[in-house]
Every structure is written in C-alpha cells, then in structure tokens.
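# A closer look at the structure
Spelled out from the first residue to the last, the chains are:
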Amino acid sequence: MSGFEPLLPADVSGVPVREFSASYLQRTRTGMWDGAREALSELALDSRGRVLDVGCGTGELTAVLREETDATVVGLDANRDLLGHATPPIVQGDALSLPFPDDSFDLVVCQALLINLPDPEAAVREFARVSSDRVAAIEPDNGAVSITSTADPEARLARRARALYLSGVETDVTLGADAADVFADAGLADVSTRRYDHERIVDPPYSEAAIEAARRKASGAGLDDDRATMLAGDATPADLDDLRQAWRAMGRDVVEQMRDDDYYRREVVPFFVTTGRV
Ligand SMILES: C[S@@+](CC[C@H](N)C(=O)[O-])C[C@H]1O[C@@H](n2cnc3c(N)ncnc32)[C@H](O)[C@@H]1O
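Report on the accompanying structure. Residue numbers here run from 1 along each chain, matching the order of that chain's written sequence. Selection of residues for local features in this predicted model requires a pLDDT of at least 70, selection of side-chain atom pairs for listing and counting requires 80 or more, and totals for whole chains, interfaces and linings are taken over all residues. As a rule here, side-chain values come from all non-hydrogen atoms in the structure, and water together with hydrogens is ignored.

### Here we look at the overall build of the chain
Strands here mean DSSP runs of E at least two residues long; helices mean DSSP runs of H or I at least four residues long; both are numbered from the N terminus. Of the regular secondary structure elements, the chain holds ten helices and eight strands. For this measure, only C-alpha atoms enter the radius of gyration; the expected value for a globule follows 2.2 Å times N^0.38, where N is the number of residues. For the chain, the C-alpha radius of gyration of 19 Å lies close to 19 Å, the compact-globule estimate for 278 residues. Taking the principal axes of the C-alpha coordinates as reference, the chain spans close to 55 × 40 × 40 Å. Out of the 278 residues belonging to the chain, those deemed buried represent 48%. Any two residues whose heavy atoms approach within 4.5 Å are treated as being in contact. Once local pairs closer than 6 in sequence are excluded, the contacts in the chain between residues at least 24 apart make up 78%. In short, Shrake-Rupley with a 1.4 Å probe defines the accessible areas, and a residue's cover is counted only from the protein chains shown. Only carbon and sulfur atoms are counted for the fraction: they give 46% of the accessible area of the chain, which is about 13000 Å². We count Lys and Arg on the positive side and Asp and Glu on the negative side, and we leave His and both chain ends out. All charge positions are set by atom: Lys at NZ, Arg at CZ, Asp at CG, Glu at CD. Once the 29 positive and 50 negative side-chain charges of the chain are each reduced to a mean point, those two points are 4 Å apart. Burial classes: relative accessible area under 20% of the type maximum marks a residue as buried, over 50% as exposed, and values in between as partly exposed (1.4 Å probe, protein chains only).

Right under this line is the structure:
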C-alpha cells in the first residue's frame, strides 16, 4: 500500500531499545491468540480501516490482527532485524515519535511494548495523536507468571530468577492491569481492561523450540542473558553463581526427562488487554 512501504534507515538513533531475539518472540507468541480471539473484542477489529501495531517485533500480533480485519494493518518497530521477519507493510520507527501525521489510523495497538519503555504514558499519548478513534495495549504482568513442572525445582528456581530480574529491571515489566491508569493519565476516555491468561504447555512430542529451551537451561545461557540486569538489582555474583549451578542441574534433569518423554511444563502469563477512546 502506498505510503506504508518498508522504511529502513540504518538505525533509529537515540532510541534505547531492549533487545529481543526473533526466535524468542516467535517461540513465546506462537499460537498465543488461538482460541482466545474473543479477548480482543474491545478492539472492534471488524469495523477498522487502518490499524498500527507499534513495537510489532517479528509481527506475531500483526498477523493475528490481519486475520481478524480487512483493514490495512501496518507493523512498526525500532529494530530492523526483527522487522526482517515481519510481513509488509512495515515501518521502522520510534514509538515515542511515530512517523505519521495526526489521525492516520483508527486503531493503534501494541503488545508487550509499554513494559519495555521508561515512560509508557508518553508512548500512549503519541499513540493517541496518530489514532482518530481507539488505542489499545496488551501488556503482561511478568511478576505474576506461574509455572508447574515435572522437574522438581524448576518452579522455585524460576521464581527466584524472576524476583532477581524484577529487582534490577528499569522499566515496569509487571505493568499488566495498571496500564489502565497509564491510559487514564494520558487522557483517554472509556478505559477498560480485560485479562487473558496465556498458557504455554510443553509436553511430548517436543517441538524443536522446546528442545532448544531445555538445552539453554542445561547450559545456563538463558540465565546469562539476564545476568547484568540481576546484578543491577539485589543479586550478588555469588547469588548468581549458586542460582546458575542449581539452574543447570535442573536443565540437565529436563533434558533427561525429555529423552523418556516424561517432561511436562505449564506456564501461565497473565496478559491484560487495555483499550481507551481518543
Ligand atoms: C517484547 S517485544 C514485543 C514484540 C511484539 N509486539 C510481540 O508481542 O510479539 C517488544 C518490542 O518493542 C520494540 N521496541 C522497544 N522500544 C521501542 C521503541 N521505542 N520504538 C519502537 N519499537 C520499540 C522492540 O524492538 C521489540 O520488538
């Protein structure tokens, strides 16, 4: 569609963006909205003409939106590498300074973006500028994730790792239902929130992604990614060494159990769909 061709400058300079890998986004979002489209009903997708998905990453939500509407759905992200996995129309840009005139869309939506921004209200104000009708945010509460696992210490170790991560992370990754306050503070009307529990099950036959996740537990690679954040919070290097040792032992147990088709894991991440009118 003209006006929404891929726009890929070398970088969006000055935009501090938390890094996500394409494989992480694809692994955690696949099937996320299967059987749960009703939770998106407040977005009134069937009556939309132009929709913007801000912080679209690899375009997992963008694809779901396109299935639910005849509208043109544009994906925007600051990260060019992630956009390389998304389907056009896509645009590289900054959520806080969207490269569109006022009222360009009738719905501006994001998923798991506000939790990564130091000033979510500024982003919501910018969404309201380019939307003529509705703004929506689908944000998790990462402090309320629950895990059950046949690898005995997995739930406890994951809770410990999450607590240490939360102590060091600079943005509000538990925003969830509180996004409604951000919407109200940004001046949106008719604000409402709906909870959707995203359940991810790992059971046999195991997918490639599940096998890779188990390998990362056994090697400690997943924990290592968050080391700097944890050290910025309550964790000492000794805490992390202890956690890493226990984590890797748990990972080896997961790999063992998978060999015998015995491993089962259930994770529930509460997401909150918040909408408001401009
Ligand atoms: C957790 S990912 C969510 C991706 C996608 N919405 C999903 O749910 O699969 C957060 C995304 O926001 C993007 N992002 C972070 N800060 C941004 C900014 N200031 N402007 C545009 N995109 C940004 C990141 O590059 C990343 O793709």
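On we go.
### Some words on helix α2 (residues 60–68)
Among the residues making up α2, those that are buried are L61, T62, V64 and L65. Viewed end-on, α2 has its buried residues packed into an arc of 160 degrees, placing them on one side of the element. Among the structural elements, β1 (50–54), β2 (72–77), β4 (105–111) and β5 (131–140) are those in contact with the buried residues of α2. Here, the arc refers to the directions that run from the helix axis to the C-beta atoms.

### Regarding the nonpolar core
What we call a nonpolar core is a set of buried Ala, Val, Leu, Ile, Met, Phe, Trp, Tyr and Cys residues that are connected through their side-chain atoms within 4.5 Å. Ranked by size, the top nonpolar core spans 46 residues in total, and within it W33, L43, L65, V109, I138, M230 and M258 carry the most contacts. Within the second largest apolar cluster, 29 residues are counted, among which are L76, V108, I115 and F183.

### A look at a negative patch on the surface
In this scheme, patches are assembled from residues that exceed 30% relative accessible area and form no salt bridge. Like charges are connected within 9 Å, while nonpolar side chains (Val, Leu, Ile, Met, Phe, Trp, Tyr) are connected within 5 Å. Any carboxyl oxygen of Asp or Glu that lies within 4 Å of a side-chain nitrogen of Lys or Arg is treated as forming a salt bridge with it. A cluster of acidic residues, D172, D178, D181 and D185, forms a negative patch at the surface. Along the chain, D178 turns up in the loop between α5 (154–168) and α6 (179–185).

### Focus: the site of the ligand
Residues are labelled near a given molecule or strand when at least one of their non-hydrogen atoms is within 4 Å of it. Neighbouring the ligand are 20 residues, the closest being R29, G55, D77, A95 and Q111. Two N or O atoms form a polar contact when they lie within 3.5 Å of each other; inside protein one atom must be a possible hydrogen donor and the other a possible acceptor, and for residues adjacent in sequence the pair counts only when both atoms belong to side chains. Within the backbone of Q111, one N or O atom sits 2.8 Å away from a nitrogen atom of the ligand.

### As for the packing of helix α7 (residues 208–219) against helix α10 (residues 237–259)
Think of each axis as a best-fit line through the C-alpha atoms, taken over the contacting stretch in the case of a helix, with angles from 0 to 180 degrees between the N-to-C directions. Remark: α7 packs on α10, axes separated minimally by 6 Å, with the N-to-C direction vectors making an angle of 145 degrees. The two elements α7 and α10 cross, and the hand of that crossing is left-handed. Facing A210, I211, A214, R215, K217, A218 and S219 of α7, the residues of α10 in contact are R244, W247, R248, M250, G251, R252, V254, V255 and M258. Note that Gly is not counted as nonpolar here; it falls among the polar residues with everything else outside the nonpolar set of Ala, Val, Leu, Ile, Met, Phe, Trp, Tyr, Cys and Pro and the charged set of Asp, Glu, Lys and Arg. Tallied by class, residues from the contact of α7 with α10 come to nine nonpolar, two polar and five charged. Here a crossing is called left-handed whenever its near helix is offset anticlockwise from the far helix by less than a right angle, and right-handed whenever the offset is clockwise.

### Some words on the pattern of salt bridges
Opposite charge on two side chains permits pairing when their charged atoms draw close. Per the counting criterion, the structure on display carries 21 salt bridges. R129 serves as the salt-bridge partner of E126, at 2.8 Å between the closest nitrogen and oxygen. Here R129 and E126 lie together in helix α4 (residues 120–130), a separation of three residues that amounts to about one turn. For E126, a relative accessible area of 10% gives the class buried. Look at R129 and you get partly exposed, because its relative accessible area is 26%. When the shortest N-O distance is used, the salt bridge between E199 and R266 registers 2.5 Å.

### Overview of the environment of L164
For L164, the position within the fold is in helix α5. Judged by its relative accessible area of 4%, L164 is buried. Not counting residues up to four positions away in its chain, the partners in contact with L164 are M230, D234, A235, L240 and L243.

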